[in-house]
Amino acid sequence: MPHWVQDGYQEYAKRLPAECSLNLIEIAPGHRGKSADIKRTLKSEGERMLKAIPKGCRIVALDVLGRSWSTEQLSTQLGQWMGDGRDIALLVGGPEGLAEACQQQADSRWSLSALTLPHPLVRVIVSEQIYRAWSLLRNHPYHRA
């Protein structure tokens, strides 16, 4: 990932307290190219993604067809997730999206936008939005609506 992606993600991840920390786990992308079997690649990526999720996690798939939330709605959702006591696994797919197995395992689906966003930008947006939602929950001055 370009430095600006790492820097952007880390900027918000480091602001979050232990009660709402972010832990990025990267799954190596499968082979894509002229002769690639995209279905097999997607399936393999999905299997590796699901294996990386700790037991007991609530799984949230980022999906263009998922529910979109306002900042206030995301903050409420984050509060519910935190109150549940389980860790959350936010799944972000590659260029073709998430494997069907990941979609099926998801407890919910979250849409950042009706637009298709590049993976690097999604990292930064998700970390900022989680921080913003947390700041709203804790009456931190970061979010001024």
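Up top you'll find the structure we're talking about.
Going along each chain's sequence as written, the residues are numbered from 1 onward. Reporting of local features is limited, given that this is a predicted model, to residues whose pLDDT is at least 70; pairs of side-chain atoms are given and counted only at 80 or more, and all residues count toward the totals for whole chains, interfaces and linings. Calculated side-chain values reflect all of the structure's heavy atoms, with hydrogen atoms and water omitted.

Draft legend 1. The overall build of the protein, seen in detail. A run of DSSP states H or I qualifies as a helix once it reaches four residues; a run of E qualifies as a strand once it reaches two. Both are numbered from the N-terminal end. A count of helices and strands for the protein gives 5 helices and 3 strands. In the protein, the succession of α and β elements from N to C terminus is α-α-β-α-β-α-β-α. What the globule rule says is 2.2 Å times the number of residues to the power 0.38, and the radius of gyration is computed from C-alpha atoms. Its C-alpha atoms give the protein a radius of gyration of 16 Å, within 12% of the compact-globule value 15 Å for 145 residues. Taken along the three principal axes of its C-alpha coordinates, the protein extends 50 × 35 × 25 Å. The cut-offs for exposure are 20% and 50% of the maximum accessible area for each residue type, with area from a 1.4 Å probe on protein chains only; residues under the lower value are buried, those over the upper are exposed, and the others partly exposed. A burial count over the protein gives 37% of its 145 residues as buried. For the protein, restricting intrachain contacts to residue pairs at least 6 apart in sequence, the fraction spanning at least 24 positions comes to 75%. We get accessible surface area from the Shrake-Rupley algorithm with a probe of 1.4 Å; when it comes to residues, only the shown protein chains can shield them. Carbon together with sulfur atoms contributes 52% to the accessible area of the protein, which is approximately 8,900 Å² in total. Residues scored as charged are limited to Lys and Arg (positive) and Asp and Glu (negative), so that His and the chain ends carry no count. For this purpose, a charge sits on NZ of Lys, CZ of Arg, CG of Asp or CD of Glu. The average position of the 18 basic charges and that of the 15 acidic charges among the side chains of the protein differ by 2 Å. Contact definition: two residues touch when any of their heavy atoms are within 4.5 Å.

Draft legend 2. Structural detail: the packing of aromatic side chains. In this scheme Phe, Tyr and Trp rings, the latter by its six-membered ring, pair at centre separations within 6.5 Å, and the angle between planes marks the pair as stacked below 30 degrees, edge-to-face above 60, and tilted otherwise. Overall, the coordinates contain 6 aromatic pairs when judged by the stated rule. Aromatic side chains W69 and W81 sit 5.9 Å apart centroid to centroid with 70° between the ring planes, which places their arrangement in the edge-to-face category. Of the two residues, W69 sits in the loop between strand 1 (58-67) and helix 3 (71-84) while W81 sits in helix 3, which places them 12 residues apart along the sequence. The buried category is assigned to W69, whose relative accessible area is 15%. When its relative accessible area of 2% is taken as the criterion, W81 is described as buried.

Draft legend 3. Highlighting the nonpolar core. Residues L16, C20, L78, W110, V126, I130 and W134 are the most contacted members of the largest nonpolar core, which totals 16 residues. Looking at this core, the elements with two or more residues in it are strand 1, helix 3 and helix 5 (119-137). Of the residues forming this core, the biggest block, 6 residues, is contributed by helix 5. If sequence neighbours within four positions are ignored, L78 has contacts with C20, I130, A133, W134 and L137. Remark: nonpolar core denotes a set of buried residues (Ala, Val, Leu, Ile, Met, Phe, Trp, Tyr, Cys) joined through side-chain atoms within 4.5 Å. Of all hydrophobic cores here, the second largest spans 12 residues; its members include I53, L91, A99 and A106.

Draft legend 4. View of unusual backbone geometry. Although it is not a glycine, N139 adopts a positive phi angle of roughly 55°. Residue position: N139 is located in the segment after helix 5. Taking relative accessible area as the criterion, N139 reaches 70% and is therefore assigned exposed.

Draft legend 5. Representation of the environment of H143 within the structure. In this structure, H143 sits in the segment after helix 5. Look at H143 and you get buried, because its relative accessible area is 13%. With 71 residues separating them along the chain, H143 and E72 place their C-alpha atoms 10.0 Å apart. Dropping the residues within four chain positions of it, H143 is found in contact with T71, E72, R132, S135 and L136.

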